[in-house]
Amino acid sequence: MSSQDIPEENLPAEQSEQTAGHDEHGHGALSPADEHPFADPGLPPHEHRIQDVDERAAKRSERSVALMFTVSMLATIAFIAAFVAIPVDKSVYIFPLGHISALNFALGMTLGIALFCIGAGAVHWARTLMSDVEIADERHPIEAEPEVREKVFADFKQGAKESALGRRKLIRNTMFGALTLVPLSGVVLLRDLGPLPEDKLRHTLWSKGKLLVNMNTNEPLRPSDVAVGSLTFAKPEGLEEHDHEFQNEIAKAALMIVRIQPENIKDKRELEWSHEGIVAYSKICTHVGCPISLYEQQTHHVLCPCHQSTFDLSDGARVIFGPAGHALPQLRIGVNDEGYLEARGDFEEPVGPAFWERG
């Protein structure tokens with residue numbers, strides 16, 4: 001049964017009015033009141049916060065925001081201090097994480113606190129001290145007309161005024177301090193890209209008076225231990241394989257020792273730095289730092305097995321083939337009072353491949 005079959009007196013009053021309207025304006029016609037079925041309900045009435053009416057509450061919020069920004073500054077300083085002071089290999093027990101790196105834990109905690117306090121301070125500032133009055137703004141064309149630009153500038157000035165940045169100097173100063181210090185964390189992290197080379201790449205363990213020790217026998221070398229045509233590997237006196245820094249130091253101090261007839265040595269300085277034809281050169285290739293181990297006694301050439309760089313040990317270890325960029329550094333040697341071969345100083349040139357600080 002449709003509504004048309006129901007007696008009019010039994011219909012709800014609202015439906016009766018709608019039916020009458022249909023009859024008056026025609027079937028399915030809308031009355032003028034129905035032209036905007038989704039009318040703008042408007043904004044709810046604004047409710048003032050306690051900070052809006054009580055200056056003491058506003059001061060408390062201001063101090064809270066400033067405290068968070070101050071904690072952020074202290075956390076950033078703690079981040080830098082932890083990075084400098086805590087050893088890389090130190091571990092601590094943190095329940096329930098177990099044993100973890102003390103440095104990583106300290107850096108993560110301090111940086112996290114610094115960033116969190118800046119965010120929390122900004123949110124608390126916005127929610128308690130900045131204006132929270134809602135403003136309805138009609139949509140406008142995309143192009144920036146003069147009136148629009150003036151309105152944007154006016155809104156910006158109004159927003160800056162309502163933020164109370166100029167009046168709340170404590171918040172402003174602590175916020176600027178926190179935002180200034182936080183980027184220092186990133187700058188300090190750049191320090192962790194690797195150890196600073198300083199002048200470590202220019203020096204080795206060799207120094208005046210250090211004995212040349214045979215790598216195989218671990219005994220000091222005498223001139224009689226080096227035969228013509230032989231290749232002997234040596235290390236500095238006092239460097240042992242069980243030392244913590246052995247690999248780093250031997251990578252710079254490893255020596256090749258060969259004996260060449262003095263009349264076959266072509267380079268004048270090489271002859272002066274040798275002893276009875278015994279010459280000592282760095283074992284580290286000047287291309288990418290591979291250890292050189294192949295020696296041809298008739299030509300006095302040594303070959304790097306990695307990329308076939310070839311050096312002539314009878315002519316200042318100059319490069320005669322391959323990608324190496326410069327000759328092998330020579331170590332000046334002599335004999336001490338006990339008849340052992342000793343160094344007369346360190347290498348005068350950096351050992352191994354070139355590096356960006358090399359002059």
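Note that the coordinates shown come from a computational prediction; the quantities given were computed from them, not determined experimentally. (Residues numbered from 1 in each chain as written. Predicted model: local features only at pLDDT ≥ 70, side-chain atom pairs only at ≥ 80, totals over all residues. Heavy atoms only, no water.)

Undergrad: Mind showing me how you'd approach the pairing of strand S4 (residues 231-236) here?
TA: It is a general feature of regular strands that their side chains alternate between the two faces of the sheet. Pairing of strand S3 (residues 212-214) with S4, which is carried by 3 bridges, proceeds in the antiparallel orientation. Across the sheet, residue Asn-214 finds its bridge partner in S4, namely Ala-234. The pairing of S4 with strand S5 (residues 255-259) spans 4 bridges and is classified as antiparallel. Considered in S5, the bridge of Ala-234 is made with Leu-255. (Pairing = 2+ DSSP bridges. Helix = DSSP H or I, 4+ residues; strand = E, 2+ residues; numbered from the N terminus.)

Undergrad: Is there a simple way to explain the sheet that holds S5 in this structure?
TA: By definition, the strands of a sheet pair up through backbone hydrogen bonds, in either a parallel or an antiparallel sense. Read across the sheet, 5 strands follow the order S3-S4-S5-S6-S11 without closing on themselves; strand pairing throughout is antiparallel. Both outer strands of the open sheet, S3 and strand S11 (330-331), are each paired with one neighbouring strand and no more. Summarising the sheet, S5 and strand S6 (residues 278-282) pair through 5 bridges and their orientation is antiparallel. Within the sheet, the bridge partner assigned to Arg-259 lies in S6 and is Ile-278.

Undergrad: Help me understand the UniProt feature "transmembrane region" (unreviewed entry) in the protein chain, please; the structure alone is not making it clear to me.
TA: Those places that UniProt annotates as "transmembrane region" (unreviewed entry) correspond, in this numbering, to residues 65-88 and 100-123. Within the segment residues 65-88, helix and strand shares are 88% and 0% respectively, and the terminal C-alpha atoms sit 35 Å apart. (UniProt positions renumbered as here; feature names shortened; annotations may be inferred.)

Undergrad: Any chance you could explain the side chain of Asn-214 here in plain terms?
TA: Along the polypeptide, Asn-214 turns up in strand S3. On the basis of relative accessibility, which here comes to 12%, the residue Asn-214 falls in the buried class. Polar side-chain contacts of Asn-214 include one of 2.7 Å to the backbone nitrogen of Asn-216. Excluding residues that lie within four positions of it along the chain, Asn-214 makes contacts with Glu-219, Leu-221, Thr-232 and Phe-233. (Buried < 20%, exposed > 50% of the residue type's maximum accessible area, 1.4 Å probe, protein only. Polar contact = N/O pair within 3.5 Å; in protein donor to acceptor, adjacent residues only side chain to side chain. Contact = heavy atoms within 4.5 Å.)

Undergrad: I keep staring at the sheet that holds strand S10 (residues 318-321) and nothing clicks. Help me out?
TA: Judged by pairing direction, the sheet is antiparallel, and its 4 strands sit side by side in the order S7-S8-S9-S10 without closing on themselves. Edge positions in the sheet fall to strand S7 (294-296) and S10, since each has one partner strand and no second. If you compare each strand with its neighbour and ignore which way they point, the axes differ by 30 degrees on average. Taken together, the 3 bridges between S7 and strand S8 (residues 301-303) define a ladder with antiparallel strand orientation. (Axes fitted to C-alpha atoms, helices over the stretch in contact; angles between N-to-C directions.)

Undergrad: Would you take a moment to explain a negative patch on the surface for this structure?
TA: A surface patch of negative charge is lined by Glu-143, Glu-145, Glu-147 and Glu-150. Locating Glu-143 in the fold gives a position in the loop between helix H4 (102-128) and helix H5 (146-162). (Patch = residues over 30% accessible without salt bridge, like charges linked within 9 Å, V, L, I, M, F, W, Y side chains within 5 Å. Areas by Shrake-Rupley, 256 points an atom, 1.4 Å probe, with all protein chains shown as cover. Salt bridge = Lys/Arg side-chain N within 4 Å of Asp/Glu carboxyl O. Lys, Arg positive; Asp, Glu negative; His and termini not counted. Charge placed at Lys NZ, Arg CZ, Asp CG, Glu CD.)

Undergrad: Where do I start with the packing of aromatic side chains in this structure?
TA: Both the distance between ring centres and the angle between the ring planes are used here to describe each pair of aromatic rings. In total, this model carries 0 aromatic pairs according to the counting rule given. Sitting over the face of the ring of Phe-233, Lys-283 holds its NZ or CZ atom 3.9 Å from the ring centroid. (Phe/Tyr/Trp six-rings, centres within 6.5 Å; stacked < 30°, edge-to-face > 60°. Lys NZ or Arg CZ within 6 Å of the ring centre and 35° of its normal.)

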